[in-house]
Amino acid sequence: MSGRPSAAPPSVPEDAYCEKHLAPPLLFCEDDQATLCDKCYLTQEHRDHTVLGVQEAAENYRKVFRELLHTLREKLEVAKILLAEEQERMVTVQGEEQNFKEVIKSEYKMMFRLVTEENEMNFQNLQGYILNPSLREANLTQMIIFAAELEERYQETLQRLNCLGRENMNKLHESEFRLYEQIWSLHRITADLEKKCGESPLALLKDARYLECAGSLVLQRLEPAQVIEPHLCQIPGMSKVLELLQRAITLDPKTAHSCLVLSEDLRSVSLKNVQQDVPGNAGRFDLSASVLGVESFTSGRHYWEVDVGKATKWQVGVYEDTAGRVMPKVSGDKILLMGSMMGTECTFWVFPPLKRISLREQMHRVGVFLDYKYGQIAFYDVTKKLLIYNFSHLGFQGALKPIFSLCYPNGGTHSDSLSICLPDVFFV
């Protein structure tokens, strides 16, 4: 056959004719993603392939393209939101890094103050028995060495924080750039798909492989940057003086919520599935599953440890009785560390204000330090000997008491409990 037919169906552009047989392509091979004329269809090459009419195939693809377009538009919106969140995280991460630097600075000041005053007190006790001039010099030398070691640890921690800050910001900038690229690709592909959905059947089928490109964008994962928590920069080593300050707290049954059960020695608290019939008491908690310690502090330094390993949701901390109240009435009266176990991960928060401070594996023992004079409350991971968070310059006005809370039972069996740890050397 030579030359093209003088007339062709008006729906078939002249340049769309089959180049081999010079016939109008009225069929579409899905296996080869190509239009065919009648003669092409009869060849051995397409005998076992899936072949549809052009109109039917075009409508099938148009439907798929429209569904894909909807999915890509949704993904585009998600990518825009994630980009905004990553840009906001840049500010947040920098703020958290600076805040943790202040926390670490406060912690090292406290450590130096504790050890210095402890050494001075020991020296004064010895002076009454030993009048040796070299003793004062030795004590001074010891303090200078300690101060130098403490400063070295502090500077090393700051250096780690600075390196971590740069690493986190690099990750966030890389994530921002990657999201910009994904957003640009999504904009381009959605614009192309919108145009393609309005094309004629033959034009639409001419580049049906375009579906693969659009599909690959759907499969691309949109993930935020994985930044590292500032607390991981710490050098383990709680002050030994804390162990000397540790005391055994006693729970006050008169303040315990009715769903809490206290042990006979008043050292442990656990949840009960139903509320108990307990005597009425103006100081009893009725809005949270909490209990206070008997001890009340208006001066000095105090430290206690709590076993939280058997609780999935817990709170430990202190509350301030600013008006002679038996129990706190407003959130500002409490300084809390909170833990929430989900699967194998535990999220930790401090309050006030409510702020997530880390996401790590479960903690087993929490240390709480209170310095009334300097307005300082610090929480420690006793097992790892790491600071969790440090509140400073709080300016207490009233008496302070330890507070312990568990999450309300929500049906089923609950075994959550908290236990106050006794000091290694405990005298009754």
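**Comments concerning the environment of Ser263**
Along the polypeptide, Ser263 turns up in the loop between strand S4 (260-262) and strand S5 (268-271). For the pair Ser263 and Pro253, spaced ten residues apart in sequence, the C-alpha separation works out to 9.7 Å. At 3.2 Å, the side chain of Ser263 forms a polar contact with the backbone nitrogen of Arg267.

**Side note on unusual backbone geometry**
Following Phe351, the chain continues to Pro352 via a peptide bond in cis, the omega torsion being -5 degrees. Within the secondary structure layout, Pro352 lies in the loop between strand S10 (345-351) and strand S11 (355-360). Cis rather than trans, the peptide bond between Pro352 and Pro353 has omega equal to -15 degrees. By the secondary structure assignment, Pro353 is in the loop between S10 and S11. A positive phi angle, near 55 degrees, is found at Lys385, a position not held by glycine. Mapped onto the elements of the fold, Lys385 is located in the loop between strand S13 (376-381) and strand S14 (386-391). Overall, Lys385 belongs to the partly exposed group, its relative accessible area being 40%.

**Digging into the packing of aromatic side chains**
Under the counting rule described, the total for this entry stands at eight aromatic pairs. Here the aromatic rings of Phe28 and Tyr61 are separated by 5.7 Å at their centres, their planes lie at 80 degrees, and the arrangement is edge-to-face. You can see Phe28 sitting in strand S1 (residues 27-29) and its partner Tyr61 sitting in helix H2 (residues 54-127), a full 33 residues away along the chain. Seen in terms of ring centroids, Trp314 and Phe348 are 6.0 Å apart; in terms of plane orientation they differ by 55 degrees. Their pairing is tilted. Taken together, the residues span a long stretch of sequence, with Trp314 in strand S8 (residues 313-321) and Phe348 in strand S10 at a distance of 34 residues. What makes Trp314 buried here is its relative accessible area of 4%. Within the aromatic cluster, the residues linked to one another by ring pairs are Phe28, Tyr61 and Phe65. Taking NZ or CZ as reference, Arg113 lies 3.7 Å from the ring centre of Tyr374, over its face.

Rules and cut-offs
- Residues numbered from 1 in each chain as written.
- Predicted model: local features only at pLDDT ≥ 70, side-chain atom pairs only at ≥ 80, totals over all residues.
- Heavy atoms only, no water.
- Helix = DSSP H or I, 4+ residues; strand = E, 2+ residues; numbered from the N terminus.
- Polar contact = N/O pair within 3.5 Å; in protein donor to acceptor, adjacent residues only side chain to side chain.
- Buried < 20%, exposed > 50% of the residue type's maximum accessible area, 1.4 Å probe, protein only.
- Phe/Tyr/Trp six-rings, centres within 6.5 Å; stacked < 30°, edge-to-face > 60°.
- Lys NZ or Arg CZ within 6 Å of the ring centre and 35° of its normal.

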